[in-house]
Amino acid sequence: MRLEKRTQSASMALVLAPMGAVVFTLLVSALLVLWAGAPVGQTYGLLLQGGFGSVFAFSETLTRAIPLMLTGMAATVAFKARLFNIGAEGQLYVGAIAAVAVGGLHDGTGWALPPALLFVLMMLAAALAGALLLLGPALMKAKLGVDEVVTTLLLNFIVQLLVSLMLDGPMKDPTAMGWPQSVALMPELELAKLIPQTRVHTGLLWAVALSVSLWALMKYTVLGFDIRAVGANARAAAFAGVPVTRTVVLVAMLSGALAGLAGAIEVAGRTSYLTLDMSPGYGYSGIVIAMLAALHPLGVVLASVFVAGVLVGADSMSRAVGVPTFIADVIVATSLISVLVATLLTQYRVRLK
């Protein structure tokens, strides 16, 4: 058996590949549900109902989807340039640290600046922190050929230790009775609720607007063309005059900034303070979302809602039929593998010798 490169990939196949991967994932997961002794139809029905079956359920799904959209876009723009950013989790946390440092320290006075200006500075600080964290691995890849998968992945653990240090040190909330959490943001810096009596906040509008902006940048700007050219073939792009190193650096800054904003928006919109478990793996899930969306910025929005719905729905489903909530992690992980295989088959055909 060998793989043969297709001369061209049908556009319909590129669209249907992620959908087919999702269907395959549900079929594989159904075997695990049967193994657990639960009815497949009822389990998937409860999963769907738990994620989308009521205003409360859908609001929780949207709330969970907001950071996933941002980390998904961070992975999308980086992967488009073949900069494999596996460090969005760490970038999210340094963004959250920067947001709390600007908007929560100094006894809650926020540097004695007007709230509107302080909010802008808080978001800029979060974006800059995430961007700078990815800049180092990007430069090492461009100049020294260092594998960015290793460097960005290891930085996640370094950042986790940094967060632990800050929460037990200069950022620790003295009123938290010893619980490791940071001081809270000023109330004026928290994002408004988008739907009354739910946890959905205006960060959703930020995420959707950034998704549209990223799509427009990739499609209509010179930088977008450079990113696609570098991702297709960096050597050919350099021969054609594309500034490869500059493009990789800009992509790294943009990708890290999006992940950093995810941390700031999560703090300002949902928690108001930073904890070690603020993110249940949003940075890693962003990779799955980017692949499910076929690296399309607008598709990231839909893929984020799908993954968030699975994660939220698994909680209520587990209580009803006794299937462990880890089935959600299996669905998400299998989706990634399925999408990778489906994408491969759109570019190559299998030949039997």
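Residues numbered from 1 in each chain as written. Predicted model: local features only at pLDDT ≥ 70, side-chain atom pairs only at ≥ 80, totals over all residues. Heavy atoms only, no water.

Visitor: Got a sec to walk through the overall build of the protein chain? Specific residues and values, please.
Guide: A count of helices and strands for the protein chain gives 13 helices and two strands. Rg of the C-alpha trace for the protein chain: 21 Å, near the compact-globule value of 20 Å for 353 residues, within the 12% margin. C-alpha extents for the protein chain along the principal axes are approximately 70 × 60 × 35 Å. The burial tally for the protein chain puts 49% of its 353 residues in the buried class. Once local pairs closer than 6 in sequence are excluded, the contacts in the protein chain between residues at least 24 apart make up 75%. (Helix = DSSP H or I, 4+ residues; strand = E, 2+ residues; numbered from the N terminus. Rg over C-alpha atoms; globule rule 2.2 N^0.38 Å. Buried < 20%, exposed > 50% of the residue type's maximum accessible area, 1.4 Å probe, protein only. Contact = heavy atoms within 4.5 Å.)

Visitor: Outline unusual backbone geometry, supporting the account with residue identities and numerical values.
Guide: Look at Ala 294: it is not a glycine, yet its phi comes out positive at around 55 degrees. Within the secondary structure layout, Ala 294 lies in the loop between helix H11 (282-292) and helix H12 (297-321). Judged by relative accessible area, Ala 294 falls into the partly exposed class, the value being 43%. Of note, the phi angle at Leu 295 is positive, near 55 degrees, even though the residue is not glycine. Take Leu 295: it is sitting in the loop between H11 and H12. When its relative accessible area of 18% is taken as the criterion, Leu 295 is described as buried.

Visitor: Talk me through a nonpolar patch on the surface; I want residue IDs and the actual numbers.
Guide: On the surface, a cluster of nonpolar side chains totalling about 800 Å² of accessible area is made up of Met 1, Leu 3, Ile 337, Val 341, Leu 344, Leu 345, Val 350 and Leu 352. For the nonpolar patch, the element with the most residues is helix H13 (residues 326-347), which contributes four residues. Structurally, Leu 345 can be placed in helix H13. (Patch = residues over 30% accessible without salt bridge, like charges linked within 9 Å, V, L, I, M, F, W, Y side chains within 5 Å. Areas by Shrake-Rupley, 256 points an atom, 1.4 Å probe, with all protein chains shown as cover. Salt bridge = Lys/Arg side-chain N within 4 Å of Asp/Glu carboxyl O.)

Visitor: Can you explain the packing of aromatic side chains? Please cite residues and give values.
Guide: On inspection of all chains with the given rule, the structure shows four aromatic pairs. The side chain of Lys 219 reaches across the aromatic face of Tyr 220, ending 5.8 Å from its centre. (Phe/Tyr/Trp six-rings, centres within 6.5 Å; stacked < 30°, edge-to-face > 60°. Lys NZ or Arg CZ within 6 Å of the ring centre and 35° of its normal.)

Visitor: Quick rundown of the side chain of Glu 266? Include the residues and the values.
Guide: Here Glu 266 is to be found in helix H10 (residues 244-271). Here Glu 266 falls in the buried class, since its relative accessible area comes to 1%. Not counting residues within four places of it along the chain, the set of residues in contact with Glu 266 comprises Pro 67, Thr 271, Met 278 and Tyr 282.

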